[in-house]
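Residues per chain, in single letters:
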Amino acid sequence: MTAVKVAPRGRGTHRTIAAALAAAPVGAVVTVAPGLYAESVTLTRRVVLEAEAGPGSVVLRSPEGPAVTVTAPGCVLRGLHLAGADPAQPLVRVEDAAGLTVDRCELTGGRIEVLGSADGRSAPANAALGPDHTLAAELADPVDGGGVLLLCDARLSGALGTALHLTGDARARTVDSVVDEVDGIGVVLSGRSVLIAERLRVSGTSGSALRAKGASRLLARDCSVLGAGRHGVLVQDEALAELADCRVVGPARTGVRTSHTARTTLVDCRISGALDHAVTAADQARVEVRDCRLEAPRGHGLLLASAAFAVCAGTLVDGAGATAVQLVDRSTALLTGCRVRGGGDHGIAAAGSATAEVVDTSVTDPASCGVDVQDEARLTLTGVRLHGGDTGVRLRSVAAEPCEVRGCAVGGQRRSGVEIGPDAAAVLADVRVAEVGGAGVAVDGGGRLRLSGGAVSGAAGSGLVLERAASVEVRDLRVADSGKNGILIGEAVSGSFDHCDLSGSAFPAVHVGKGAEVRFRGCRFFDCGQDVGLADGAEPVFEDCAAVRVRTPVLTALADRPGPSAPVSFPGDPEQPEGPRARGSEPGTDGLWQQGEPEPEPETLEDLLAELDELVGLDGVKRDVNGMVKLMQTVRLREQAGLPAPPLSRHLVFAGNPGTGKTTVARLYGRLLRALGLLARGHLVEVDRSALVGEYVGHTGPKTTEAFHRARGGVLFIDEAYALVPAGAANDFGTESIATLVKLMEDHRDEVVVIAAGYPGDMDRFVASNPGLSSRFSRTLLFADYTSAELVSIVEHHAQRHRYELTDAARRSLTTYVENIPRGAQFGNGRTARQLFQAMTERQALRMSELTDPAPAQLMQLDEQDLL
């Protein structure tokens, strides 16, 4: 191997790099002494050009045009710093059929341009390249044509337009390299070029970080894209992009955008903090997202438009500012094994004529609906778990084919579990709805529902609500412990109900409206005050139905028949006869609530105590609860050791003014007892006098009993409990309710914890009203009013939850404002703080509406003027 040297002085050395290259034979190594060389060079034969003293010691500055032009294969630049005269022009140009390795070099003030062949004859070979291809053979001899580039531990910066551009059928591979400070796009692929990128870092671009267009291919592994001025990765035309184990952080627009007929595959990638959407696909693009994390975009996590298609598997979409997964137009998606958490609007939404299949996916805590379907869109949900939000599943599509929900679990929504809109159609099979704040399943006017199997338990409203002119076909449904009716049938509803079990409803198990044409066959009604309620003119048909343990039966009561203790069986199930289902005659081990609701996620004692500690204020309450937890842990240890448990009352009095966190702590107390194994469910049933006391003689006891039984396995929280003992009222139905409660607390001492709450001065009267209360409520927790500083903290907590920020001036003004609030009877403590925050957001919204184009930071900011 011939050695040629470049130095300012010395015998046998060349004074310029160009002269040395002219004298160097094929395969020579040209070493360059430290210094600045103002010249442009062309590599016309296979040579190595390297800095003698290592990286950074040699600067090759071009007076004009490219600093280095490569026309031969197998060339190497090592340890050089190349500087361009014009950042918009090529700094290194790799011609057709040339090969260049850039090793440990820094390139500033221009781009690397790799040219393809005139006839594109390398395109078939390029199509066969994979992410593990080293391009070693192509660098040495690009026989098919097209330039070839290898970047190793190189840095490209300060370019205008783009830092690396591949055209035609050019090929390039980057390893451990950096592209940054580009006024434009970091890397551009066009034609049928291919880039194989490994551990490439692109940051500080004013445009997109990576752009693939034409029929190019981007194969990236373990790469990072940070702070792109537009999109993180942009894939267009017929291009293909495959990204594995890559990160895209904080792009000003979309994390990964695919359009036209391009295809993008993301595997084990993390896309976070996009100021628009995390992943989008439009036109006829196809996107595959596997085992990825799409985190905290201000817009959607995944947005599909036009006729785009996406497969999303094993992926987390977390904290989206808008709907987490949104389909519009004619787009199509398949989601399997995904997790959707939070979301500023819905979890998954489809509109237009979009279609989607969602399988084995969880959706938790969206701001609005877990799943929302509009227009003529159609969704199929199978094995989906939905928790939290306003509504679990809202189906308002009028598509020709009904939406289908199969084997799903819905729970913990503030409103309904499943809503079917006007004139919409849906099929529900084996769906479980539990502990929702409104109706379990609601069908709006003209809606159509075919429901088989499944259960609704613990709905605060009615289990199944059918609005005017809805039509239904329901069979093998179990409805338990509804706060209102088990099934509420509106006017002019039509349909049939076969082999359904309804139990424990606070109102009549079934209410039938005027003009409804409905038939009940083989249904059973258990453990409620009344089995059937009829509006004037209602004429339902009942065939082979039975009322069991119903105080006011309209049907024939069969008190000797056992309750619905065994799981409902369906036609065709193993070991069950076909036709009408077999009914178990032996009591089962599981109650209806266990059959009807999804198994709750286990919570650890440490997590729950940490959640308690995070509450604002309440220092005394926190000490008391922690002390009781330790005491109950000791009791459990004694029981496990075979020792008798000491006498311990878990019932509590919460004394405090409104808005001091009593309900919040009560709900947490139930979950703590469940974590300790002292309660089966740990849920909270909140009641007041109106839910316990009847309006006529003989009504109060059953009403109180019904409320108590809804709380079995959890906590019965009696708000304003002192109202059961009105001051100065000697003969009041409230005393009957208290007597009933005392007996039930004794009969079910290990199943229910009762918490009585109210004003401190009035709770003594409540406890003293019955000797049984004073012995059972032996501990009182005092909830002090929040201090001004704590109220300010509560406002800030609400602001953080809803992605607002208080300015320093707003915080100072808020502190002054809170200190001056009168602490009279109308003072609401935490409710006052929540109302303050709501008022501030409303004033800020009015202020923003007067701006033409408010910036995102302005939309998040609450200022002192929003307080006035």
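Basis of the calculations
- Residues numbered from 1 in each chain as written.
- Predicted model: local features only at pLDDT ≥ 70, side-chain atom pairs only at ≥ 80, totals over all residues.
- Heavy atoms only, no water.
- Helix = DSSP H or I, 4+ residues; strand = E, 2+ residues; numbered from the N terminus.
- Contact = heavy atoms within 4.5 Å.
- Salt bridge = Lys/Arg side-chain N within 4 Å of Asp/Glu carboxyl O.
- Buried < 20%, exposed > 50% of the residue type's maximum accessible area, 1.4 Å probe, protein only.
- Pairing = 2+ DSSP bridges.
- Axes fitted to C-alpha atoms, helices over the stretch in contact; angles between N-to-C directions.
- Arc of directions from axis to C-beta.
- Parallel < 35°, antiparallel > 145°, perpendicular 65-115°, else oblique.
- Left-handed = near helix turned anticlockwise from the far one by under 90°.
- Core = buried A, V, L, I, M, F, W, Y, C linked by side-chain atoms within 4.5 Å.
- Phe/Tyr/Trp six-rings, centres within 6.5 Å; stacked < 30°, edge-to-face > 60°.
- Patch = residues over 30% accessible without salt bridge, like charges linked within 9 Å, V, L, I, M, F, W, Y side chains within 5 Å.
- Areas by Shrake-Rupley, 256 points an atom, 1.4 Å probe, with all protein chains shown as cover.
- Lys, Arg positive; Asp, Glu negative; His and termini not counted.
- Charge placed at Lys NZ, Arg CZ, Asp CG, Glu CD.
- Polar contact = N/O pair within 3.5 Å; in protein donor to acceptor, adjacent residues only side chain to side chain.
- Right-handed = clockwise from strand over helix to strand, strands pointing away.

**What about the environment of Phe-733?**
Relative to the elements of secondary structure, Phe-733 occurs in helix 10 (residues 733–747). Sequence spacing of Phe-733 and Ala-516 is 217 residues, and the spatial spacing of their C-alpha atoms is 37 Å. Once residues within four sequence positions are removed from consideration, Phe-733 is found in contact with Val-693, Gly-694, Glu-695, Tyr-696, Val-697 and Thr-700.

**A word on the pattern of salt bridges**
Evaluated as defined, the whole model comprises 38 salt bridges. Taking the shortest distance from any N to any O, the salt bridge between Asp-180 and Arg-155 comes out at 2.9 Å. One end of the pair, Asp-180, is in strand 18 (residues 178–189); the other, Arg-155, is in strand 15 (residues 155–157), and 25 residues separate them in sequence. Taking the relative accessible area as the measure of exposure, Asp-180 reaches 11% and is therefore buried. Note on Arg-155: relative accessible area 27%, which makes it partly exposed. For Arg-253, the salt bridge identified is with Asp-276, shortest N-O distance 3.9 Å. In this pair, Arg-253 is assigned in the loop between strand 26 (247–249) and strand 27 (256–258) and Asp-276 in the loop between strand 29 (270–272) and strand 30 (279–281), connecting sequence segments 23 residues apart. By relative accessible area, which is 32% here, Arg-253 ends up partly exposed.

**A closer look at the sheet that holds strand 68 (residues 715–718)**
Taking strand neighbours across the sheet as the criterion, the five strands line up as 67-68-69-66-70 in an open arrangement whose pairing is parallel. This sheet does not close on itself; its edge strands, each paired only once, are strand 67 (684–687) and strand 70 (780–783). Averaged over all adjacent pairs, the angle separating strand axes in this sheet is 20 degrees, with direction ignored. Note: strand 66 (residues 652–656) against strand 70, four bridges, orientation parallel. Each residue of the ladder has a partner; that of Gly-656, found in strand 70, is Phe-783.

**Points about helix 11 (residues 760–768)**
Given 3.6 residues per helical turn, the α-helix brings residues three or four places apart onto the same face. Those residues of helix 11 that sit buried are Met-763, Phe-766 and Val-767. For helix 11, the buried positions fall inside an angular range of 90 degrees around the axis, keeping them on one side. Across from the buried face of helix 11, at angles greater than 90 degrees, the exposed residues are Gly-761, Asp-764 and Ala-768.

**Points about the packing of helix 5 (residues 605–614) against helix 7 (residues 662–675)**
Relative orientation of the contacting elements helix 5 and helix 7 amounts to 160 degrees, with a least axis distance of 9 Å. Considering their axes alone, helix 5 and helix 7 lie roughly antiparallel with respect to each other. By crossing handedness, the relation of helix 5 to helix 7 is classed as left-handed. Residues Leu-605, Leu-608, Leu-609, Glu-611 and Leu-612 of helix 5 form the contact with helix 7, whose participating residues are Leu-668, Arg-671, Leu-672 and Ala-675.

**Brief notes about the nonpolar core**
Judged by nonpolar contacts, the single largest core of 158 residues is most densely connected at Val-68, Leu-77, Leu-100, Leu-218, Leu-428, Ile-489 and Phe-497. Examining the composition of this core, we find that four residues originate from one element, strand 18, more than from any other. Dropping the residues within four chain positions of it, Ile-489 is found in contact with Leu-466, Phe-497, Val-510, His-511, Val-512, Gly-513, Ala-516, Val-518 and Phe-520. Residues Phe-717, Val-818, Phe-827 and Leu-836 belong to the second largest nonpolar core, which totals 47 residues.

**Overview of the environment of Met-860**
Within the secondary structure, Met-860 sits in helix 16 (residues 856–860). Taking the C-alpha atoms as reference, Met-860 lies 35 Å from Ala-409; in sequence the two are 451 residues apart.

**Regarding the packing of aromatic side chains**
Counted under the stated rule, the structure contains six aromatic pairs. Ring geometry for Tyr-722 against Tyr-759: centres 5.8 Å apart, planes inclined by 40 degrees, an arrangement best described as tilted. Taken together, the residues Tyr-722 in the loop between strand 68 and helix 10 and Tyr-759 in the loop between strand 69 (753–758) and helix 11 connect sequence positions 37 residues apart. Overall, the relative accessible area of 12% leaves Tyr-722 in the buried class. A residue is classified by how much of its surface remains accessible, and Tyr-759, at 32% relative accessible area, is partly exposed. Aromatic rings pair up to connect Phe-497, Phe-520 and Phe-542 into one cluster.

**Some words on a negative patch on the surface**
On the surface, a cluster of negative charge is contributed by Asp-222, Asp-245, Asp-268 and Asp-291. Structurally, Asp-291 is set in the loop between strand 31 (286–290) and strand 32 (293–295). The exposure class assigned to Asp-291 is partly exposed, which follows from its relative accessible area of 45%.

**Looking at the side chain of Glu-113**
Checked against the element boundaries, Glu-113 lands in strand 13 (residues 111–114). A polar atom in the side chain of Glu-113 sits 2.8 Å from the side chain of Arg-93. When residues no more than four places from it in sequence are discounted, the contact partners of Glu-113 are Pro-90, Val-92, Arg-93, Val-94 and His-165.

**Regarding the pairing of strand 1 (residues 3–6)**
Side chains Val-4 and Val-6 project from strand 1 onto a buried face, and the interleaved Ala-3 and Lys-5 project onto a face without burial. Both strand 1 and strand 2 (residues 29–32) contribute to a ladder of four bridges, which runs parallel. Within the sheet, the bridge partner assigned to Val-6 lies in strand 2 and is Val-32. In this fold, strand 1 hands off to helix 1 (residues 17–23), which returns the chain to strand 2; that crossover is right-handed.

**Remarks on the environment of Arg-521**
Among the structural elements, Arg-521 can be located in strand 61 (residues 517–521). Along the sequence, Arg-521 and Thr-740 sit 219 residues apart, while their C-alpha atoms lie 36 Å from each other. Once you skip the residues sitting within four places of it in the chain, Arg-521 turns out to touch Phe-497, Asp-498, His-499, Glu-543 and Cys-545. Of note is the side chain of Arg-521, whose polar atom sits 3.3 Å from the side chain of Asp-498.

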